[in-house]
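Each chain, written out:
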Amino acid sequence: MTLDDLTAMMAEDEHHRYEISPEGVLSIMPPPGYAHAIIATRLMVWFAQGGVPAERIAQAVGLRILGRDGGVGGRIPDLVVWSKAQTDGVWLPVADVLLVVEIISPGSEGIDTVTKRLEYAAAGIAQYWVVDQDSAQTVTMHHLDGNHYTVRATMPLAWLLNTDPTEHDLG
């Protein structure tokens, strides 16, 4: 299955999100719920109010993920922050990605906390944040250290939103 196949599947089915690992494992997920969307929106507004230009922030855009064995996958993070504006496309390269954020939904825990963390680290993405939908909406910030992520900080979303994005090495 190719990224073009995935694009065609998504065009025919607006009720699911399709992703594929570089090894060819297909993931089919329902669209995010309201609470998930509110977290993503709050983060987008925080980035924008903190000075990150709007053309460098996007929700639910596809990233082309290259595997170690040469395979090509496609992931759709909940939020992406780039170092510069991107050209339009369905599956964008990760070269300019500073940060990806995944908001954990019921059923996505394993993919978001293990699989994607490994893939994003292998792709060289500098930061990976995971937001739990627990009562504190806990944000775990991972920072790339060599070829794997280490936890840099864990905090409630409300606390994060009271900081400035420049405090978090987002160029």
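Residues numbered from 1 in each chain as written. Predicted model: local features only at pLDDT ≥ 70, side-chain atom pairs only at ≥ 80, totals over all residues. Heavy atoms only, no water.

> Would you explain the overall build of the chain in this entry?
When helices and strands are counted, the chain shows four helices and 11 strands. In terms of overall size, the chain behaves like a compact globule, its C-alpha atoms giving a radius of gyration of 15 Å where 171 residues would be expected to give roughly 16 Å. Each principal axis of the C-alpha distribution contributes one length, and for the chain these read about 45 × 35 × 30 Å. Counting across all 171 residues of the chain, residues that qualify as buried make up 44%. Residue pairs in contact within the chain that sit at least 24 positions apart in sequence constitute 50% of those at least 6 positions apart. A total accessible area of about 8,400 Å² is found for the chain, and carbon and sulfur atoms account for 55% of it. Placing the 10 positive and 22 negative side-chain charges of the chain at their respective mean positions leaves the two points 5 Å apart. (Helix = DSSP H or I, 4+ residues; strand = E, 2+ residues; numbered from the N terminus. Rg over C-alpha atoms; globule rule 2.2 N^0.38 Å. Buried < 20%, exposed > 50% of the residue type's maximum accessible area, 1.4 Å probe, protein only. Contact = heavy atoms within 4.5 Å. Areas by Shrake-Rupley, 256 points an atom, 1.4 Å probe, with all protein chains shown as cover. Lys, Arg positive; Asp, Glu negative; His and termini not counted. Charge placed at Lys NZ, Arg CZ, Asp CG, Glu CD.)

> It is not clear to me how the environment of R117 should be interpreted in this structure. Could you clarify?
Summarising the element assignment, R117 is placed in helix α3 (residues 109–122). R117 has contacts with D112, Y128, H142 and Y149, leaving out every residue within four places of it along the chain. One polar contact links the side chain of R117 to the main-chain carbonyl oxygen of T113, over a distance of 3.1 Å. (Polar contact = N/O pair within 3.5 Å; in protein donor to acceptor, adjacent residues only side chain to side chain.)

> Just checking my understanding: could you explain the packing of aromatic side chains for this structure?
A ring pair, where both rings are aromatic, is described by two values, the distance of the centres and the angle of the planes. By the definition in use, this model includes five aromatic pairs. Geometrically, the ring pair formed by W46 and F47 is tilted, given 4.8 Å between the ring centres and 55° between the ring planes. Exposure class is identical for W46 and F47. Each is buried. Three or more aromatic residues link up through ring pairs in this structure, and these residues are W46, F47 and W129. (Phe/Tyr/Trp six-rings, centres within 6.5 Å; stacked < 30°, edge-to-face > 60°.)

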